[in-house]
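Single-letter residue listing:
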Amino acid sequence: MKGKNKVSESKSRQTSNGHKSKQHHLRKGRQESRTTNVENDRLPVKLAMWDFDHCDPKRCSGKKLERLGLIKNLRIGQKFSGVVVSPNGKGVVCPDDREIVEEFGSSVVECSWARLDEVPFNKIGGKHERLLPYLVAANPVNYGRPWRLNCVEALAACFAIVGHWDWAEVLLENFSWGLTFLKINKELLEIYMQCSDSDSVNKAQEEWLQRIQDEAKNRKEQAKNEDLWMMGNVNRHGSDEEEDDDSERESEDEVESEKKSEEVEVDALGNFVTKKVEEEFDDSEVEEIYDKLGNLVVQD
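Once a new chain begins, its residue numbering starts again from 1 and follows that chain's sequence as written. Given that this is a predicted model, residues contribute local features only at a pLDDT of at least 70 and side-chain atom pairs are listed and counted only at 80 or more, while totals for whole chains, interfaces and linings are drawn from all residues. The side-chain numbers reported here are obtained from all heavy atoms of the structure, hydrogens and water having been left aside.

Trainee: For this particular structure, what's the right way to read the overall build of the protein chain?
Mentor: Secondary structure elements are defined from DSSP: runs of H or I of at least 4 residues count as helices, runs of E of at least 2 residues count as strands, and each element is numbered from the N terminus. Looking only at helices and strands, one finds 10 helices and 10 strands in the protein chain. Only protein chains enter the accessibility calculation, which uses a 1.4 Å probe; a residue whose area is less than 20% of its type maximum is buried, one above 50% is exposed, and one in between is partly exposed. Counting over 300 residues, the protein chain shows a buried share of 32%. Between two residues, a contact is recorded if the distance between any of their heavy atoms is within 4.5 Å. Put simply, 65% of the contacts in the protein chain that link residues at least 6 apart link residues at least 24 apart.

Structure, rendered in structure tokens:
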């Protein structure tokens, strides 16, 4: 009986569909809460989000931050006093926002990029709604795509730009790919950190985008030139054929001219004599003279 009870207890730890039991999640939650206490000491700032349940819960960075106790979920109609990183923002996050972030925190809108039209932006947000400048995503869903940041990337970018790189690292360390975001955007984030207001960040963004376009154009031209080098000088293909035709014509003309320059004559004894005839030969200039025996004498 004791053995059977142990077997039944072990089976009860998993549900019929193969998922972990409720007790497992409770234990995991207690472990995460212990980790959260440490994280809160390293992250002394308020974080919030409006979650519209558009994303897969297993991939949603906002939901993971909520499970860790690092972010608060706000209701629709509830406003936020700190910086609101939102697609509805008017200006961009800049170093001048540092005091607002430190005092009131930062928040994001947890929604799908493909379903922005479903978000009631007029019922959420706050006084300090901000856009993010050009950055490249590192999350598994949109890796390498510009602008397509998820919640934790948006918050980390906000912290880095206002000068709290350490806060950005604390947030991103909770994700296996997290610190890659700072790595691939390091140069650009450092440029934004050197700016002051929204206008200077916008200017830095425009210069960066222009640089990307110029580099892409140069790569395209270089690839085109390398292709031409591999093919050879295409401008000479037609001319070479023409030169071959001309050389053939010239050789034919030379043969014809040689034939024309040769004249066959018969001397007085009946022998055939081949004679080279100069071009533009004029018979009137040569006088035929015969000796006493009837032989033709050719004069120079």
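Trainee: Whenever I open this one, the pairing of strand β6 (residues 128-131) confuses me. Can you help?
Mentor: Within a regular strand, side chains alternate between the sheet's two faces. In this scheme, strands are said to pair when DSSP sees at least two bridges between them. Pairing analysis gives three bridges linking strand β3 (residues 83-85) to β6, with the strands arranged parallel. Across the sheet, the residue bridging to V83 is H128, located in β6. As judged from the two bridges shared by strand β4 (residues 91-92) and β6, these two strands associate in the parallel manner. Within β6, the position partnered with G91 by the bridge is R130.

Trainee: Whenever I open this one, the environment of G82 confuses me. Can you help?
Mentor: You can see G82 is positioned in the loop between β2 (72-73) and β3. For G82, a relative accessible area of 0% puts it in the buried group. Among residues more than four places away in sequence, those in contact with G82 are I100, F104, G105 and H128.

Trainee: Teacher, can you tell me more about the packing of helix α5 (residues 151-161) against helix α6 (residues 165-172) here?
Mentor: What describes two packed helices is the angle between their axes and the distance between those same axes. Here an angle of 0 to 180 degrees is reported between the N-to-C directions of two axes, which are lines fitted to C-alpha atoms, with helices fitted over the stretch in contact. Viewed as axis vectors pointing N to C, α5 and α6 meet at an angle of 165°, and their least axial separation amounts to 7 Å. In terms of orientation, α5 lies roughly antiparallel with respect to α6. Handedness of the crossing formed by α5 with α6: left-handed. Counting all contacts with α5, which are made through V152, L155, A156, F159 and A160, the residues of α6 involved are W165, W167, A168, L171 and L172. Here the residues of the contact of α5 with α6 are counted per class, giving 10 nonpolar, no polar and no charged. Each angle receives one of four descriptions, namely roughly parallel if under 35 degrees, roughly antiparallel if over 145, roughly perpendicular if within 65 to 115, and oblique otherwise. Each crossing gets its handedness from the near helix: less than a right angle anticlockwise from the far helix is left-handed, clockwise is right-handed. Under this grouping Gly is polar, as are all residues other than the nonpolar Ala, Val, Leu, Ile, Met, Phe, Trp, Tyr, Cys and Pro and the charged Asp, Glu, Lys and Arg.

Trainee: Help me understand the nonpolar core in this model?
Mentor: A general feature of soluble globular proteins is that nonpolar side chains tend to end up buried together. Within the largest apolar cluster, 50 residues are counted, with the highest numbers of intra-cluster contacts made by F159 and L171. When contributions to this core are tallied by element, the ones reaching two or more residues are β1 (47-51), β3, α4 (98-104), α5, α6, α7 (178-184), α8 (186-193) and α9 (198-231). Among the elements that take part in this core, α5 stands out by supplying 10 residues, more than any other. F159 has contacts with L43, V45, L47, V101, S106, H164, W165, W167, A168 and L171, leaving out every residue within four places of it along the chain. Formed by 11 residues, the second largest nonpolar core is a distinct cluster that contains F80, V109, F121 and I124. In this text, buried Ala, Val, Leu, Ile, Met, Phe, Trp, Tyr and Cys residues form a nonpolar core when linked through side-chain atoms within 4.5 Å.

Trainee: When you look at the state of the cysteines in this model, what are you seeing that I'm missing?
Mentor: Covalent bonding between the sulfur atoms of two cysteines defines a disulfide. Cysteine sulfur atoms are paired as a disulfide whenever they come within 2.5 Å of each other. Inspection of the entire model under this criterion finds zero disulfides. A disulfide-free cysteine, C94 has its sulfur positioned 8.9 Å from the sulfur of C195, the nearest such atom.

Trainee: Can you walk me through the sheet that holds β3 in this structure?
Mentor: Across a sheet, strands are paired by hydrogen bonds formed along the backbone, either parallel or antiparallel in direction. Read from one edge of the open sheet, six strands run β2-β1-β5-β3-β6-β4, paired in parallel fashion. Every other strand in the sheet has two partners, leaving β2 and β4 as the edge strands with one partner each. By the bridge criterion, five bridges tie β1 to strand β5 (residues 106-110) in an arrangement that is parallel. Residue pairing across strands places L47 opposite S106, the latter belonging to β5.

Trainee: Can you walk me through α5 in this structure?
Mentor: Counted residue by residue, α5 has 11 buried out of 11 residues, so it is predominantly covered. Regarding α5, the residues found buried are C151, V152, E153, A154, L155, A156, A157, C158, F159, A160 and I161. In the stretch just after α5, G163 is the one whose phi turns positive, near 105°.

Any functional reading would require information that these geometric values do not contain.
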